[in-house]
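Each chain, letter by letter, is given below.
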Amino acid sequence: MMKIARTASIVALLSLSVAGTSAGQRGEAPRAPGPGQLGGAVTANYPPVFFREDWKYDKTVPNANNEREPEHPIVQGDVANPTLEVRLYGDKAGTRTVLQPYNADITYVMSLLCESNCAITLRDRNNDVDLSGLATIKWRTRVSGFHLLRPILKLADGTWLIGDKTAGLTTDWVESEIQLVDVRWRNLDITQVVEGREARWVDNPDLSRVEEIGFTDLMRGAGHGSGGGSRVDWIEVAGKPVPRTASRPSR
């Protein structure tokens, strides 16, 4: 019986070898692994950087804090990238730009002083962006308390979405990345900066034309200090630019 088994194994191996040789002689390419399988060559089409915003501090705006750590409500003059417009929602006055002269002049925006939900977005002056495929959002954040910083999008048709991927509590600044293909989305009521009334996931939204990209805590801030709130030092978005049509002016 053992001799018969060994003979069968040898015959099976010879059959596989002959089959592979025959395929090569016919010029057939080897089969690639299916989706999710390892071991095969994968062609990844990474989109270019669509924008990066590092923020600056507009010193023409009155200081609302102290000289050691100046701050003021966010204004367009705080945007370092000349191609971008900043948009504020919810408690606009609570969103702040902060300068720390004692800390290498780091400049960031924060939600700590929002007395109700607030959101910050950026919009390219000339283009929407295709965030399908391997598009990403990278940011440098410092989040305190139970706050979770979430990405939000405004689609070209006016739909607002908020994602389930977050940046959470850290002691110091950290850099992180969100691959948008992995995000699950819900509708966002941008007027109140809360989730939409219908508690359903938005499956497979069309992200081929996105007009605004930003973030929110979905919570009010706890005020100055180490209480709850989010700080964003910079944000970078990778996606393919899509020229905005003339029939869709800024709203």
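Thresholds, definitions, all that
Residues numbered from 1 in each chain as written. Predicted model: local features only at pLDDT ≥ 70, side-chain atom pairs only at ≥ 80, totals over all residues. Heavy atoms only, no water. Salt bridge = Lys/Arg side-chain N within 4 Å of Asp/Glu carboxyl O. Helix = DSSP H or I, 4+ residues; strand = E, 2+ residues; numbered from the N terminus. Buried < 20%, exposed > 50% of the residue type's maximum accessible area, 1.4 Å probe, protein only. Phe/Tyr/Trp six-rings, centres within 6.5 Å; stacked < 30°, edge-to-face > 60°. Lys NZ or Arg CZ within 6 Å of the ring centre and 35° of its normal.

A. Geometry of the pattern of salt bridges. Under the criterion given, the structure shown has 18 salt bridges. The shortest N-O distance in the salt bridge between R52 and E236 comes to 3.4 Å. Remark: E236 occurs in strand β16 (residues 229-238) and R52 occurs in strand β1 (residues 49-53); sequence separation between them is 184 residues. Given a relative accessible area of 32%, R52 falls into the partly exposed group. The class for E236 is buried, based on a relative accessible area of 16%. E85 is paired through a salt bridge with R87; the nearest N and O atoms lie 2.9 Å apart. Each member of the pair E85 and R87 is classed as buried. Here the salt bridges do not stand alone but share partners, grouping E85, R87, R123, R125, K154, E211 and E212 into one network.

B. Looking closely at the packing of aromatic side chains. Across all of its chains, the model carries four aromatic pairs by this definition. With 5.3 Å between their ring centres and 65° between their planes, Y108 and W173 make a pair best called edge-to-face. With a gap of 65 residues between them, Y108 in strand β5 (residues 106-110) and W173 in the loop between β10 (160-163) and β11 (174-179) connect regions that are remote in the sequence. The residues Y108 and W173 share a single accessibility class, namely buried. With 6.3 Å between their ring centres and 75° between their planes, W139 and F215 make a pair best called edge-to-face. Here W139, found in strand β8 (residues 136-144), pairs with F215, found in strand β15 (residues 210-216); they are 76 residues apart in sequence, far enough to count as distant. A cation over an aromatic ring shows up here: R52 above the ring of W234, its NZ or CZ 4.0 Å from the ring centre. When the ring centre of W201 is taken as reference, the NZ or CZ atom of R186 above it lies at 4.2 Å.

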